Amino acid sequence: MAEQIIFKAENNYNQLQIYLNKIKVKNILLVCESFISQLQINDWFKTLESSSEISLFRFSDFQTNPQYSSVVAGVELFRQSKCDCIIAVGGGSAIDVAKCIKLFSNMDPNKNYLDQVIIPNNIKLIAIPTTAGTGSESTRFAVIYYEETKQSISDDSCIPSFVLFDSSAINTLPAYYRKASMLDALCHAIESFWSVNSTEESRKYSRQALQCILENMDEYLRNDEIANMFMLKAANLAGRAINIAQTTAGHAMCYKLTSFYGIAHGHACALCVAKLWGYMIDHGDECIDPRGKLYLQRIFQDIADAMGCSAASEAPVIFQNILNRLELPVPCPKEEDYFVLINSVNSVRMKNNPVKLSREAIDMIYHQILEGNY
């Protein structure tokens, strides 16, 4: 992973100011969501504009599941304003948009950016996450949509060079999104742990993230300031883990649940992981991790150990209990939904899954998810 500077706000933004002075910024493109007006850092940005020689250009013309056209508009503003730095304030969507603006900014604007080869540039990208979930600030991945089709962009050069953890930025998260973003980080930690691409380094991040989430979950859900900061750290660690190992079947199966039923990504992912986990433990003979079945059994036990469980089979039960306690709704499907769901599963992410999943297995797991079979 590229070198990354991480600071805590500590009720002020002095370290951010010092960093901007160090890199001699003149014009900043601020990629932010509309709710930035509710955050403390918005006042700081206003002061920055009025009290320094730095010019600030705000870009908020994007939505959740950002569109390619929005990124194109952001690139145009970046160029017209002669910006030399990008700051993203928001959740995964804002950070992903900022990453793409950075990557596309030195490409040919007369051609589709998605068809061009990425050439790394030295434009500084700063991330200030406002959810403790995606970990996008620590990964090389970005997701946008082109003609209603999900596009995954990946390049090491889009990893932000500076990250600011500001616990006040997640104070205003609605309860549902507070729960869903935490579950997103939790699923990242778990999926990266068992991924066929995991390494000793990624598993270290996975373990640390998993333990940090479980230790601070109750206080975080009560919006405790210290726990908020720990959850930001946990999401970042989980992001570092998936940056190496990538996600698996839990994510491959969850995307259509999100768009189909209008639930948050972390919510959908947790519903999938809860059922997938037990299935994989019970079907170790279908292991496709080249390190073998015994290795995978040890990994499931390592995850259980990190969660304070004595047996691997206890861990998915604990996970399901967390979901039950959060009281998140399960969508009510029509029978014809299952065909659409099964056909939506991304085969690339399935290759990262340590246990082979047949079409019949995916169908069964979707039924367990949506019919509440525990």
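In the block above lies the structure referred to throughout.
Here's what I pulled together on the structure shown here. Residue positions are counted from 1 within each chain, in the order its sequence is given. Note on the predicted model: pLDDT of at least 70 is required for a residue's local features to be given, and 80 or more for side-chain atom pairs to be given and counted; whole-chain, interface and lining totals, by contrast, use all residues. Computation of side-chain values: all heavy atoms of the structure, hydrogens and water removed.

**What to know about the environment of F59**
Basically, it comes down to this: To qualify as a helix, a DSSP run of H or I must reach at least 4 residues; to qualify as a strand, a run of E must reach at least 2; elements of each kind are numbered from the N terminus. Only protein chains enter the accessibility calculation, which uses a 1.4 Å probe; a residue is then buried when its area is under 20% of its type maximum, exposed when over 50%, and partly exposed in between. Should any heavy atoms of two residues lie within 4.5 Å, those residues are considered in contact.
Structurally, F59 is set in strand β3 (residues 55-59). Overall, the relative accessible area of 5% leaves F59 in the buried class. Here the alpha-carbon distance between F59 and L341, two residues 282 residues apart in the chain, equals 34 Å. Once residues lying within four places of it in the same chain are set aside, the contact partners of F59 are L29, L30, V31, C32, S70, A73, G74, L77, V97 and I101.

**A look at a nonpolar patch on the surface**
Under the convention used in this document: Note on patches: the residues involved have over 30% relative accessible area and no salt bridge, like charges join within 9 Å, and the nonpolar side chains Val, Leu, Ile, Met, Phe, Trp and Tyr join within 5 Å. Areas reported here follow the Shrake-Rupley algorithm with a probe of radius 1.4 Å; residue values treat only the protein chains shown as occluding. Whenever a carboxyl oxygen of Asp or Glu lies within 4 Å of a side-chain nitrogen of Lys or Arg, that contact is scored as a salt bridge.
Taken together, F260, F339 and V340 make up a surface patch of nonpolar side chains, about 280 Å² in accessible area. Positionally, V340 belongs in helix α12 (residues 337-344).

**Points about the packing of aromatic side chains**
In plain terms, the rule: Centres within 6.5 Å are what make two rings of Phe, Tyr or Trp a pair, Trp counting through its six-membered ring; a difference in plane orientation under 30 degrees is then read as stacked, over 60 as edge-to-face, and the rest as tilted. As a reminder, the over-ring test applies to NZ of lysine and CZ of arginine, requiring each to be within 6 Å of the ring centre and within 35 degrees of the ring normal.
Summed over all chains, the structure comprises 13 aromatic pairs. For the pair F7 and F162, a centre-to-centre distance of 5.8 Å together with 35° between the ring planes defines the contact as tilted. Here F162 lies in strand β8 (residues 162-165) and F7 lies in strand β1 (residues 5-8), a separation of 155 residues in the sequence. Judged by relative accessible area, which is 30%, F7 ranks as partly exposed. Judged by its relative accessible area of 0%, F162 is buried. We note K150 situated over the ring of Y255; from NZ or CZ to the ring centre the distance is 4.6 Å. Residue placement shows R178 over the ring face of Y220; its charged tip is 4.7 Å from the ring centre.

**Some remarks on the pattern of salt bridges**
A side chain of one charge can pair with a side chain of the opposite charge if their charged atoms are brought near each other. All told, the structure shown has five salt bridges when counted by the stated rule. Across the pair D218 and R325 runs a salt bridge whose closest N-O atoms are separated by 3.2 Å. With a gap of 107 residues between them, D218 in helix α6 (residues 200-221) and R325 in helix α11 (residues 314-326) connect regions that are remote in the sequence. In this structure, the salt-bridge partner of D289 is R291, at a minimum N-O distance of 3.0 Å. Of the residues examined, R291 reaches a relative accessible area of 32% and is grouped as partly exposed.

**Quick word on the nonpolar core**
Cut-off, in case you're wondering: Residues belong to a common nonpolar core when they are buried Ala, Val, Leu, Ile, Met, Phe, Trp, Tyr or Cys residues joined through side-chain atoms within 4.5 Å.
Ranked by internal contacts, the top residues of the largest apolar core, which has 105 residues, are I101, F104, W194, W277, F319 and Y366. Per element, the largest residue contribution to this core is 11 residues, and it comes from helix α9 (residues 265-282). The contacts of I101, once residues within four sequence positions are left out, are L29, V31, F59, V71, G74, V75, F78 and I86. In this structure, I41, I54, L56 and I126 belong to the second largest nonpolar core, which totals 25 residues.

**Some details on unusual backbone geometry**
Phi is positive for K24, close to 55°, though the residue is something other than glycine. Position of K24 among the secondary structure elements: in the loop between α1 (14-22) and β2 (27-32). Given the relative accessible area of 66%, K24 is considered exposed. Residue E327 is not a glycine yet carries a positive backbone phi of 55°. Inspection of the secondary structure puts E327 in the loop between α11 and α12. Overall, the relative accessible area of 67% leaves E327 in the exposed class.

Treat this as a map of the structure, not an account of what it does.
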